[in-house]
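What follows is the residue order along each chain.
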Amino acid sequence: MKNPKTLLWAGAACALGLFLVVGCGKNDAINQAEKQDAINGVPVPSLADTKSIAQQGFVFALPIVMYYTSAYELFVDPTSSQYKAPVGQLFNEARVFTPKDTAVVTPNSDTPYSMMELDLRSEPTVISVPAVPKPRYYSVQLTDANTFNYGYIGSRTTGTGPGDYMIVGPDWTGQTPAHVKQVFHSTTSLSAVIFRTQLFNATDMPNVVKIQAGYKVQPLSKYLKQPAPPAPPAITYLKADAEIAKKQF
C-alpha cells in the first residue's frame, strides 16, 4: 500500500476495483458520484485510484487468504475433512496423499507428510530431526502466513545428520542455545511447518514411519527445561474454506 489512507479505502474499493478490472463501460454512475463527492469535499480516491488500490489489495491479500484457508481447515476446524491436529501439535501421516486431500493444491504422492502450525507469539519453537541417511530425501518446509518459504531443513539444505533448529517469530530478541545448529526467522507469528519424507515403494512405509517418529517439535522453554512464559491470548478464528474465500474474499 502506498500510504495509510489506502488501508481505509482498500476494503470498500476491492470489490469495486475487481469489477472495474474486467471492464464496465463508461461508469457514468460512478463518475457522477465521484464528481458529487468532490463538490461536497469528501476525500475519496479517484476512479483510477480506486482501481489501483483494489488491484494492490487483491495482490497483497491473496497469499494471506490462501494461507489462512488452508491453515483453518488443517489445524483449526476439527469438523473439516482436512483436519490434522490443533495448533502446536505435530501430526504424522503414514500414507501418501490422494485427490481427497484438498487443503494443499498440489501435494506429492511419494513423500508422506508430517505437518503442524506454530504459534510463535510467546516463545520460539525448536525442531529436532533424526539422521536420515542417503539416498532418502526429506525436507522441512517453513512457511509464514504470507506463504513465503523463509527456510528449509533437510537433506539438500542442512544435511542428512541429526540436529536441532530454532524457529523464531518477528518480535523475538533472545539468545540462541548452544546446541541449536541454525535459527530461522518467520516474518509472522503463525507459521506452517511441512515435513516430507521420501517413500521408495509400498513396502517402505514402515521405514518412513520410523523416521517420522524421530521428528520432534517443542517450545524453547521445554527444550531448555525451563518454566514456560505466559500463554498468549486465545485467537478468535473466522470460519474459512475455499468457497468462503472466493465469495467473501
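(A) Spatial organisation of the nonpolar core. Grouped together as the largest cluster of nonpolar side chains are 19 residues, with contacts concentrated most on I127, V129, V140, L142, I153, I167 and V193. Looking at this core, the elements with two or more residues in it are β2 (113-119), β3 (125-129), β4 (138-144), β5 (149-154), β6 (163-168) and β8 (190-197). Counting residues per element, this core draws most heavily on β4, at three residues. In contact with L142, other than residues within four places in its own chain, are I127, F148, N149, Y150, G151, I167, F184, A192 and V193.

(B) View of helix α4 (residues 205-213). Among all positions of α4, only M205, V208, I211 and Q212 are buried. Viewed along the axis of α4, the buried residues span an arc of 120°, placing them on a single side of the element. In α4, the exposed positions angled more than 90 degrees off the buried face are occupied by P206, K210 and A213. Summarising the contacts, the buried residues of α4 are in contact with β1 (91-92), β2 and β8.

(C) Spotlight on the packing of aromatic side chains. Applying the stated rule across the entire model yields seven aromatic pairs. Of the aromatic side chains, those joined through ring pairs into one cluster are Y68, Y72 and Y237.

(D) Geometry of empty space enclosed by the protein. What the rule picks out here adds up to one cavity of 30 Å³ or more. In this structure, the largest cavity spans a volume of roughly 30 Å³. Lining the largest cavity, in full, are L74, Q82, K84, F97, D101, T102, A103 and V104. Here the residues of the lining of the largest cavity sort into four nonpolar, two polar and two charged.

(E) Geometry of the sheet that holds strand β9 (residues 216-219). Sheet architecture is open: four strands sit in the order β7-β6-β3-β9, paired in mixed fashion. Here the strands that pair on one side only, and so sit at the sheet edges, are β7 (180-185) and β9. In this sheet, adjacent strand axes meet at a mean angle of 25° when their direction is disregarded. Inspection of the sheet shows β6 paired to β7 by five bridges, in the parallel sense. Bridge assignment links Y165 to a residue of β7, and that residue is Q182.

Conventions adopted
- Residues numbered from 1 in each chain as written.
- Predicted model: local features only at pLDDT ≥ 70, side-chain atom pairs only at ≥ 80, totals over all residues.
- Heavy atoms only, no water.
- Core = buried A, V, L, I, M, F, W, Y, C linked by side-chain atoms within 4.5 Å.
- Buried < 20%, exposed > 50% of the residue type's maximum accessible area, 1.4 Å probe, protein only.
- Helix = DSSP H or I, 4+ residues; strand = E, 2+ residues; numbered from the N terminus.
- Contact = heavy atoms within 4.5 Å.
- Arc of directions from axis to C-beta.
- Phe/Tyr/Trp six-rings, centres within 6.5 Å; stacked < 30°, edge-to-face > 60°.
- 1 Å grid on protein atoms, 1.4 Å probe; cavity = no way out; pocket = protein on both sides within 12 Å on 5 of 7 lines; lining within 4 Å.
- Points joined across faces, edges and corners; volume = space filled by probe spheres on them.
- Nonpolar A, V, L, I, M, F, W, Y, C, P; charged D, E, K, R; others polar.
- Pairing = 2+ DSSP bridges.
- Axes fitted to C-alpha atoms, helices over the stretch in contact; angles between N-to-C directions.

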